[in-house]
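# Descriptive analysis of the structure
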Amino acid sequence: MPTVQLLILPLAATYEMKNISLSVIDNDHSTYAQQLINKFTASGYFKLTDYSASYKEALHQVEKNNADIILQIPANFEKTLIRENKASLSLNVNAINGSTAGLAASYAGIIIKNFNAEIREKILQTPAANMQPVIDITYSNWYNPDLNYKKFMVPGILVMLLSLVGGFLAALNIVSEKEKGTIEQINVTPVKKTTFIISKIIPFWIIGMIIFTVGLIICKLVYNITPVGSYITLYAFAAIYMLAFLGFGLLISTYSDNQRQAMFVAFFFMLIFILLSGEFTPITSMPQWAQVVAKLNPLSYFVAVMRLVMLKGSSFTDVSSYFLTICGFGALFNTWAILNYRKTSG
Amino acid sequence: MKIVLWSTSIKANSQWLIAVSRIQNNMENKAITTDKLTKRFGDFIAVNEISFEVDKGEIFGFLGANGAGKTTAMRMLIGLSKPTAGKASVAGFDVYQQTEKIKKSIGYMSQKFSLYEDLSVQENIDLFGSIYGLQKNILKQKSQQLLSNLKLEDDKNKLVQSLPLGWKQKLAFSIAIIHNPQIVFLDEPTGGVDPITRRQFWDMIYAASANGITIFVTTHYMDEAEYCNRVSIMVDGKIEALDSPNNLKKKFEAKSMDEVFQQLARKAKRADG
């Protein structure tokens, strides 16, 4: 199951846009207009889904969810462009999904800019004379040069899977013994509380490490992501993180009376932990209170470490403060769970 | 005057010493002693000042209708539940302070079948054997003996959930005494078990008793009550009768333990359940 999730989730959690539905209102029907439309469709990001005669009609298509973006080419677009050396276009973006809209608009902007440059070269046969000095900004993207969103997302999703498996399995475990009644039999034995909790952690810890290994193999084979940093650092973190998160699950289990209760409590925390992990949105751009919550979130540390080590190649000493924090979480959750597990009721 | 005073104080002193040594003597001969042991849940008094003693090696029947407080009393004795008031010691250990020591000296088989159903017979034996700290070679020897006694050698790798109820109960009992405890607590061990298996179960209880294990058993079957050395009957949280089955029958002028029980339990005010 975690394997399948690792294969499917990154495809869904994409920040790259493809197949943006484009609706065109071409009031000009000129060669230039046609060229512009071709440029849009040729980019690979846009898909021409609709030709509308009027803005109203196009808007209707947006309402029906058939179009995400409307490109309106005014009448006499070509003529004005040649005669007055400038022309206007109108672009309307459906911004229900803010990030999609932003990306669509910026893609469209780039396409129009390119188109503009090409046209100018054609119209003005003497480009050099008229060219104004342009400051050209070049970007260089470090650590993920081709801005591959998968490189960014997959390590984080791997963390999420470890947390889901570890958290839920552990949360349901002791509580299921409470339901079956076997915990009673254990409680009348002289077994030590610490021994009991450790015996609960070990099998899940092994499962977690297997999942982590399978996940890294998938990273390599399917997404072609090889950690820049060392595997030893990654495993050291995964090992400690798993202990910490299992402790958290067992803690929920010791507080719950039945599996439904444990499930809901675990789900509640998981949702918060995942949303505030920094996987989907950067923690630094969250409101102040959310940043405080993120500091208390073990996931956020492991997501950060995974990215640092896998993409940036940080060494163990670079991330040792994270390591200590996760150790702290582990000690806290497990001690709490041991203390809260009672062999004798009041 | 002074001399007389002296003599009385010496007398008092010596009486006190005799009392102390008698208590110590009692502690040595008694597997369980309770003194006004009480458990309250809010306003509800589940167990109301019960006092009794169980001798070492005895088969002690702990009877009572549903809701009379048997299970609550037993849970206090085995260290699963803290008493509200009163004193009790089990195997010489205090039920307030020394619950973990008590747990080392007792075996327990609960009302609800509570071996691990998703583990095999052998795995359950090994698990509980090692929890009680049996050494590997002793555990191996004990488990072989246990399996041959129960004729489960061929089924030792079967999951416990696939066994019939009667077999499960016999297995649970055998595992409860695998570490040779001083006392074994059995909470309705034969509920829902057929008469032949019940008979076999009691043979096992007698065998354990012959090995010096004290048996503390609750049951609803009055024929089983007859097998006990002594029987106590709880009604509404209190012990209403405590004696050997024969003496009880004489006292209540009854032909069977069933009649004795009917007479006492009819007085109960608590709703059944």
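Computed from a predicted structure; not experimentally measured. (Residues numbered from 1 in each chain as written. Chains lettered and ligands numbered in written order. Predicted model: local features only at pLDDT ≥ 70, side-chain atom pairs only at ≥ 80, totals over all residues. Heavy atoms only, no water.)

## Let's talk about the packing of helix α13 (residues 298-312) of chain A against helix α14 (residues 320-340) of chain A
Two numbers describe a pair of packed helices, the interaxial angle and the distance between the axes. Residues and elements named next belong to chain A. Following both chains from N to C, one finds α13 and α14 inclined at 150°, their axes separated by 10 Å at the closest point. Put simply, α13 runs roughly antiparallel to α14. Of the two elements, α13 crosses α14, and the hand of that crossing is left-handed. Taken together, the residues of α14 that come into contact with α13 (itself represented by Pro298, Tyr301, Phe302, Ala304, Val305 and Leu308) are Tyr322, Thr325, Ile326, Phe329 and Phe333. (Axes fitted to C-alpha atoms, helices over the stretch in contact; angles between N-to-C directions. Helix = DSSP H or I, 4+ residues; strand = E, 2+ residues; numbered from the N terminus. Parallel < 35°, antiparallel > 145°, perpendicular 65-115°, else oblique. Left-handed = near helix turned anticlockwise from the far one by under 90°. Contact = heavy atoms within 4.5 Å.)

## With respect to the nonpolar core
Ranked by size, the top nonpolar core spans 112 residues in total, and within it Phe212(A), Phe302(A), Leu171(B), Phe173(B), Ile215(B), Ile233(B) and Met257(B) carry the most contacts. Sort the elements by how many residues they give to this core and helix α7 (residues 149-180) of chain A lands first, with 14 residues. What Phe212(A) contacts, discounting residues up to four positions off in sequence, is Leu158(A), Leu162(A), Leu234(A), Tyr235(A), Ala238(A), Phe302(A) and Met306(A). Formed by 29 residues, the second largest nonpolar core is a distinct cluster that contains Ala31(B), Val54(B), Ile106(B) and Ile183(B). (Core = buried A, V, L, I, M, F, W, Y, C linked by side-chain atoms within 4.5 Å. Buried < 20%, exposed > 50% of the residue type's maximum accessible area, 1.4 Å probe, protein only.)

## So, the domain arrangement of chain A
Think of interface size as the accessible area that goes away when the parts come together; that is how it is often given. Considered domain by domain, chain A is made up of domain 1 (17-130) and domain 2 (149-340). Relative to domain 2 of chain A, the C-alpha centre of domain 1 of chain A lies at a distance of 48 Å. (Domains from an automatic or database assignment.)

## Here we look at the interface of chain B and chain A
With 23 residues of chain B in contact, the opposing surface of chain A contributes 18 residues. At the boundary of chain B with chain A, the tally comes to two salt bridges. Taking the shortest distance from any N to any O, the salt bridge between Glu184(A) and Arg75(B) comes out at 2.5 Å. The interface formed by chain B and chain A includes four residue pairs in polar contact (both at pLDDT 80 or more). (Salt bridge = Lys/Arg side-chain N within 4 Å of Asp/Glu carboxyl O. Polar contact = N/O pair within 3.5 Å; in protein donor to acceptor, adjacent residues only side chain to side chain.)

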